[in-house]
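# Chains, contacts and geometry: an overview
Chain by chain, the residues:
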Amino acid sequence: MFRQASLFGSDDPCFDPSFSEASRSALSGSSWIEYVPGWLDGADSLFDDLMDRLEFRQRTGVPMYDRLVDEPRLTSWWNEAESNEAPLPVLADARWALADRYDRHFDSIGFNLYRDQNDSVAWHADRHRHRVSDPVVAILSVGESRPFQMRRVSDPEHGEVGGASLTWGLGHGDLLVMGGACQHEWQHCVPKRRRHAGPRMSITFRHDAR
Ligand SMILES: O=C(O)CCC(=O)C(=O)O
């Protein structure tokens, strides 16, 4: 896996605490997304620091459609119950900035590494919707840009589709936040690509209570 240096920030990582570039869109009912392009500066250094610091593994036996498969990406987890400190100070600060803005206590961070164009995550809605009502999920993307898609469903378990999908190109420090009923009314995915794609990491902030 080789990451080509980009023009997108090899400086020390820092984010925009004022969310000045944020734009919020109502999706349907009470679902909304907020998109903040380039929220984080220094995305390249954050990617490299996390690669040095985290242990990634591949989950096996993951249910996908009607089969059990090896997940086509690598993952790593941090949660507050196991360790007080987020893996890097900039992520600790980001947690508090997100908590202030979205009024949620983000107590876990999931790291997903898409090594190249063959890595992906299939259509799904996050399972913690069964424990937390209307969870807010914040996704910070570093490394190369990959399409992130969302589609409306009548039932997130079975993915009955109702309309065209929406797509954002996420990478290089972009932030996308899903809120309201997104995990009940919508599914999301990161599809494989035909053309070469360098590595991308998504850093996902979740809360297990309000
Ligand atoms: O990598 C992403 O942008 C999406 C991650 C995701 O959907 C998940 O881990 O549930």
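Residues numbered from 1 in each chain as written. Predicted model: local features only at pLDDT ≥ 70, side-chain atom pairs only at ≥ 80, totals over all residues. Heavy atoms only, no water.

## Thoughts on the nonpolar core
The biggest cluster of nonpolar side chains holds 36 residues, and the ones touching the most others in it are Leu-46, Leu-91, Phe-111, Ile-203 and Phe-205. Mapped by element, the contributors of at least two residues to this core are β3 (31-36), α1 (43-53), β7 (74-79), α2 (89-102), β8 (108-114), β10 (137-143), β13 (174-179) and β15 (200-206). For this core, the element with the most residues is α2, which contributes seven residues. In this structure Leu-46 touches Pro-13, Leu-40, Leu-88, Val-90, Leu-91, Leu-140, Val-142 and Ile-203, once residues within four positions along its chain are discounted. Grouped together as the second largest cluster of nonpolar side chains are 15 residues, Met-150, Cys-182, Trp-186 and Val-190 included. (Core = buried A, V, L, I, M, F, W, Y, C linked by side-chain atoms within 4.5 Å. Buried < 20%, exposed > 50% of the residue type's maximum accessible area, 1.4 Å probe, protein only. Helix = DSSP H or I, 4+ residues; strand = E, 2+ residues; numbered from the N terminus. Contact = heavy atoms within 4.5 Å.)

## A word on the pairing of β13
Within a regular beta strand, the side chains point alternately toward one face of the sheet and then the other, so they alternate between its two faces. Among the six residues of β13, six are classified as buried, and the element is accordingly described as predominantly covered. Where burial is concerned, the two faces of β13 agree: the one with Asp-174, Leu-176 and Met-178 and the one with Leu-175, Val-177 and Gly-179 are both buried. Where β3 lies against β13, five bridges are found, and the strand directions are antiparallel. Note that in β13 the partner of Trp-32 across the bridge is Gly-179. (Pairing = 2+ DSSP bridges.)

## With respect to the environment of Glu-85
Considering the arrangement of structural elements, one finds Glu-85 in the loop between β7 and α2. In this structure the C-alpha to C-alpha distance between Glu-85 and Ser-23, which are 62 residues apart in sequence, comes to 30 Å.

## With respect to the sheet that holds β3
Strand pairing in a sheet is mediated by backbone hydrogen bonds. Such pairs are either parallel or antiparallel. Here we have seven strands laid out as an open sheet, ordered β2-β3-β13-β10-β15-β8-β7, and antiparallel in their pairing. Looking at which strands have only one partner, the edges of the open sheet turn out to be β2 (23-28) and β7. Direction aside, the axes of adjacent strands within the sheet are offset by 20 degrees on average. Relative to the sheet, α2 contacts β2, β3, β7, β8, β10, β13 and β15, its axis offset from that of β15 by approximately 50 degrees. (Axes fitted to C-alpha atoms, helices over the stretch in contact; angles between N-to-C directions.)

## Quick notes on a negative patch on the surface
Together, Asp-11, Asp-12, Asp-41, Asp-49 and Asp-52 make up a negatively charged patch on the protein surface. Tracing the backbone through its elements, the reader meets Asp-49 in helix α1. (Patch = residues over 30% accessible without salt bridge, like charges linked within 9 Å, V, L, I, M, F, W, Y side chains within 5 Å. Areas by Shrake-Rupley, 256 points an atom, 1.4 Å probe, with all protein chains shown as cover. Salt bridge = Lys/Arg side-chain N within 4 Å of Asp/Glu carboxyl O. Lys, Arg positive; Asp, Glu negative; His and termini not counted. Charge placed at Lys NZ, Arg CZ, Asp CG, Glu CD.)

## Some words on unusual backbone geometry
Here the phi dihedral of Phe-19 falls at roughly 50 degrees; this positive angle occurs in a residue that is not glycine. In this fold, Phe-19 is placed in the loop between β1 (14-15) and β2. For Phe-19, a relative accessible area of 5% gives the class buried.

## As for the sheet that holds strand β14 (residues 186-190)
Ordered by their spatial adjacency, four strands build an open sheet running β9-β14-β11-β12, and the pairing between neighbours is antiparallel. With one partner strand each, in any of the chains shown, β9 (121-124) and β12 (166-170) form the two edges of the open sheet. Ignoring strand direction, the axes of neighbouring strands in this sheet form an average angle of 15 degrees. As paired strands, strand β11 (residues 146-152) and β14 are joined by four bridges and run antiparallel to one another.

## Describing α1
Of all the positions in α1, only Ala-43, Asp-44, Ser-45, Leu-46, Phe-47 and Leu-50 are classed as buried. On its buried face, α1 is in contact with β4 (40-41), α2, β8, β10 and β15.

## Overview of the pattern of salt bridges
Going through the model one piece at a time under the given rule, you end up with eight salt bridges. A cluster of three or more residues bridged by salt bridges with shared partners is formed by Arg-24, Glu-34 and Arg-101.

## Quick word on the packing of aromatic side chains
Evaluation of the coordinates by the stated rule reveals five aromatic pairs. Centroid distance Phe-148 to Trp-168: 6.5 Å. Interplanar angle 55 degrees. Geometry classified as tilted. Placement of Phe-148 in strand β11 and of Trp-168 in strand β12 is noted, with a sequence separation of 20 residues between them. Among the residues examined, Trp-168 registers a relative accessible area of 14% and is labelled buried. A connected cluster of aromatic rings, assembled from ring pairs, spans Phe-15, Phe-19, Trp-32, Trp-39 and Tyr-102. Above the face of the Trp-32 ring, Arg-24 is positioned so that its terminal group lies 3.7 Å from the ring centre. (Phe/Tyr/Trp six-rings, centres within 6.5 Å; stacked < 30°, edge-to-face > 60°. Lys NZ or Arg CZ within 6 Å of the ring centre and 35° of its normal.)

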